[in-house]
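Notes for the structure review
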Amino acid sequence: MSKLRVHNLTVSVDGYAAGPRQRLEQPLGEGFGSMHEWMFAAMRDLADGKGGVDVEYVERSKENIGATIMGRNMFGPQRGPWEDESWTGWWGPNPPFHNDVFVHTHHLRPSVVMEGGTTFHFTDEPVEAVLARAVEAAAGKDVQLGGGAATVQQYLRAGLVDEMHCAVVPRLLCRGERLFDNLGDGIDGYRVAELVGSPAAAHVRLVRR
């Protein structure tokens, strides 16, 4: 059975998964730009054939993924109705997903076919319906849930996330979007399955009981 998995979700020690005022020049929000340095360093080490705790978690995120779900904030900086449909994501003509990607948005547009097997689909359906579409597209593999924080919260509140990996970076942000707010009892069914540290981050894996 396909699982819904979250990987490499970077948060500060005080629980923020994005900074305030996200925009084109600050896609992760103010003060958050360097928070992903642990992951970029791990990707460079992986390309160079090096190992380590951070590399291991980056590698896990690529295993057995057949479809992806994300929020519009992760897809791009625009808010509200599309000014035009020229924006096709942050990742250039060949995005790193190589599968069907379902983008939550209140403003629909036609699907966008990219190089390398990535197709972006835009949907305003409930999370359960989007997950069902993603599971079908994954064809027996797992589905990866990307950001932003608000999108992950929707799936947590619905009890749909099977496992979630957070990389806790040793920084205090004090403002922005907190990951574990507004969940009600949505987090009650999870337990900490792993807690492993590196010099750059503490890796926490939550799994549904």
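Because the structure is predicted, anything quoted here is derived from the model rather than measured. (Residues numbered from 1 in each chain as written. Predicted model: local features only at pLDDT ≥ 70, side-chain atom pairs only at ≥ 80, totals over all residues. Heavy atoms only, no water.)

**Here we look at unusual backbone geometry**
Across the junction of glycine 147 and glycine 148, the peptide omega takes the value 5 degrees, indicating a cis bond. Mapped onto the fold, glycine 148 is located in the loop between β7 (142–145) and α5 (149–157). Positive phi, close to 55 degrees, is recorded for asparagine 8, a residue that is not glycine. You can see asparagine 8 is positioned in strand β1 (residues 4–12). Asparagine 8 sits in the buried class, given a relative accessible area of 13%. We note that asparagine 64 has phi near 60 degrees; this positive angle belongs to a residue other than glycine. (Helix = DSSP H or I, 4+ residues; strand = E, 2+ residues; numbered from the N terminus. Buried < 20%, exposed > 50% of the residue type's maximum accessible area, 1.4 Å probe, protein only.)

**Focus: the packing of helix α1 (residues 37–47) against helix α2 (residues 53–60)**
At their nearest, the axes of α1 and α2 sit 8 Å apart, and the two run at 85 degrees to each other. Considered as vectors, α1 and α2 are oriented roughly perpendicular to each other. Facing α1, whose interface residues are Trp38, Met39, Ala42, Met43, Asp45 and Leu46, α2 presents Asp54, Val55, Val58 and Glu59. In terms of residue class, the contact of α1 with α2 is made up of 7 nonpolar, no polar and 3 charged. (Axes fitted to C-alpha atoms, helices over the stretch in contact; angles between N-to-C directions. Parallel < 35°, antiparallel > 145°, perpendicular 65-115°, else oblique. Contact = heavy atoms within 4.5 Å. Nonpolar A, V, L, I, M, F, W, Y, C, P; charged D, E, K, R; others polar.)

**Quick notes on the pairing of strand β3 (residues 65–71)**
Summarising burial for β3: 7 of the 7 residues are buried, a large majority. In terms of strand pairing, β3 meets β7 through 4 bridges, oriented parallel. Bridge pairing in β7 links threonine 68 to glutamine 144. Bridge count between β3 and strand β4 (residues 100–104): 5 bridges; the pairing is parallel. (Pairing = 2+ DSSP bridges.)

**Observations concerning the side chain of glutamine 144**
By the secondary structure assignment, glutamine 144 is in strand β7. Setting aside its immediate chain neighbours within four residues, glutamine 144 contacts Leu4, Arg5, His7, Ser61, Ile65, Ala67, Thr68 and Ile69.

**Remarks on the sheet that holds strand β11 (residues 202–208)**
Strand order in the open sheet formed by 9 strands is β5-β6-β4-β3-β7-β1-β8-β11-β10, with mixed pairing between adjacent strands. What marks the edges here is a single partner per strand, and that holds for β5 (112–113) and β10 (190–197). Pairing between β4 and strand β6 (residues 119–123): 5 bridges, direction parallel. Within the sheet, the bridge partner assigned to histidine 104 lies in β6 and is threonine 123.

**Observations regarding the nonpolar core**
Ranked by internal contacts, the top residues of the largest apolar core, which has 28 residues, are Leu4, Ile69, Tyr155, Val161 and Met164. Every element with two or more residues in this core is listed here: β1, β3, α4 (127–138), β7, α5, β8 (163–169) and β11. Here this core takes 5 residues from α4, the largest share from any one element. Setting aside anything within four residues of it in sequence, one finds leucine 4 in contact with Ile69, Leu131, Val143, Gln144, Leu145, Tyr155, Leu160, Val161, Asp162 and Glu163. With 12 residues, the next largest nonpolar core counts Met35, Ala42, Val58 and Val169 among its residues. (Core = buried A, V, L, I, M, F, W, Y, C linked by side-chain atoms within 4.5 Å.)

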